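Examination of the molecular architecture
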2 protein chains.
Amino acid sequence: MSAHLEFAEKNAKYAETFDKGDLPVPPAKKLLIVTCMDARIDCYKSLGLELGEAHVVRNAGGSARDAFRSILISQRLLGTREIAVFHHTNCGMQSFTAPQLRDIVKSDAQSKPDNEKDKIETTVDGMEFYEFSDLEESVRNDVKFLKENLLVLDEAEITGWVYDTANGKVRQVV
Amino acid sequence: MSAHLEFAEKNAKYAETFDKGDLPVPPAKKLLIVTCMDARIDCYKSLGLELGEAHVVRNAGGSARDAFRSILISQRLLGTREIAVFHHTNCGMQSFTAPQLRDIVKSDAQSKPDNEKDKIETTVDGMEFYEFSDLEESVRNDVKFLKENLLVLDEAEITGWVYDTANGKVRQVV
């Protein structure tokens, strides 16, 4: 069964007791979290954050580069002044290389018409995937990227972390 | 006080009772959620999702275009076959235009050295922000973008939704 067919019923239960309708738009803690899209991560619970306290940007790997547009909007329009970047153990981003992923996409496209195949190949060849092999190094690189980025505010406090999917623990790397 | 200084203590409590260390990497529901970074949204709670069930991609606005890299990785490497795009009421993305945001960034940079100012201006002029004015139209546009995208798998089921931050309710748009 499609997962979205359960949304209405489950959401109705959530809305029944919902009492956070008056929260302001800017995050109360002036905090932005960057973390992975991984299904095993719930940063509200794992960091004890409440609704309304932090922006949460999630993407494949928890890439700060990929999150850059969101970070700019968060800082300039909604007042966040702290960024915490989380990558995690056993991440899918450590399981492939960009050339391997490009090959998968091209191979999946073999039955498509030639003009579509060409477009698919050109697009995927031009994409960056921000995969990584060394977990802690990837966190340090992302923090470095943000600290050196001229469009990230100088006064922003930036930290880097690892979340362990095996035991739910976080550990600060930088 | 910096928000991250509380992470260790709050996370220690979470880890004490953590019992989800053996979840598989691929999301159990083969589902990927795209939603906004907005601090007032917790899609695990509002959709009744459990840890391990869905990839969650979050960015400014819940933009499917911005999420494209993550969606590709999710589908090709981790087996998701359903995408649900959520935008929400009272979104920060409806409160500005790209030219206004570019002006803010340039104005903030006035005290920087000329070479840095030039880099900042060139970068921000080249950025897309995916802001929108009509909420439902923005959802329909994002679903259309995904359905027409040759690199999104044909068999993926794609739906579009609005989350109401005033009452916690979701509503399907497409």
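Below or above, wherever it landed, is the structure these notes cover. (Residues numbered from 1 in each chain as written. Chains lettered and ligands numbered in written order. Predicted model: local features only at pLDDT ≥ 70, side-chain atom pairs only at ≥ 80, totals over all residues. Heavy atoms only, no water.)

Observations regarding the packing of aromatic side chains
What the rule picks out here adds up to 10 aromatic pairs over all chains. Taken together, Phe7 of chain A together with Phe86 and Trp161 of chain B form an aromatic cluster joined through their ring pairs. (Phe/Tyr/Trp six-rings, centres within 6.5 Å; stacked < 30°, edge-to-face > 60°.)

Overview of the side chain of aspartate 66 of chain B
In this structure, aspartate 66 of chain B sits in the loop between β2 (54-59) and α3 (68-78). For aspartate 66 of chain B, the residues in contact, after removing those within four places along its chain, are Asp66 and Arg69 of chain A together with Asn59 and Tyr130 of chain B. (Helix = DSSP H or I, 4+ residues; strand = E, 2+ residues; numbered from the N terminus. Contact = heavy atoms within 4.5 Å.)

Some details on the relation of the copies chain B and chain A
Least-squares fitting of chain B to chain A yields an RMSD of 0.0 Å, with the transformation described by 0.0 Å of translation along the axis and a rotation of 180°. Both copies are brought into coincidence by an operation consistent with a two-fold rotation axis. In terms of proximity to the rotation axis, the leading residue of chain B is arginine 58 of chain B, whose C-alpha is 2.3 Å off the axis. When the interface residues of chain B are mapped onto chain A, 100% of them again fall at the interface, so both copies present the same face. (Least-squares fit on C-alpha atoms with pLDDT ≥ 70 in both.)

Some remarks on helix α6 (residues 135-148) of chain B
Residue and element names in this part refer to chain B. With 14 residues, α6 extends 20 Å between its outermost C-alpha atoms, agreeing within 8% with the 20 Å of an ideal straight helix rising 1.5 Å per residue. Residues of α6 that are buried include every one of Leu135, Ser138, Val139, Asp142, Val143 and Leu146, and no others. Down the axis of α6, the sector holding all buried residues measures 135°, keeping them to one side. Of the exposed residues in α6, the ones pointing more than 90 degrees away from its buried face are Lys147 and Glu148. Structurally, α6 contributes buried residues whose contacts are with α3, β3 (82-88) and β4 (157-163). A side-chain oxygen of the first residue of α6 lies 3.2 Å from the backbone nitrogen of glutamate 136; this N-cap is aspartate 134. (Expected span 1.5 Å × (residues − 1). Buried < 20%, exposed > 50% of the residue type's maximum accessible area, 1.4 Å probe, protein only. Arc of directions from axis to C-beta. Polar contact = N/O pair within 3.5 Å; in protein donor to acceptor, adjacent residues only side chain to side chain.)

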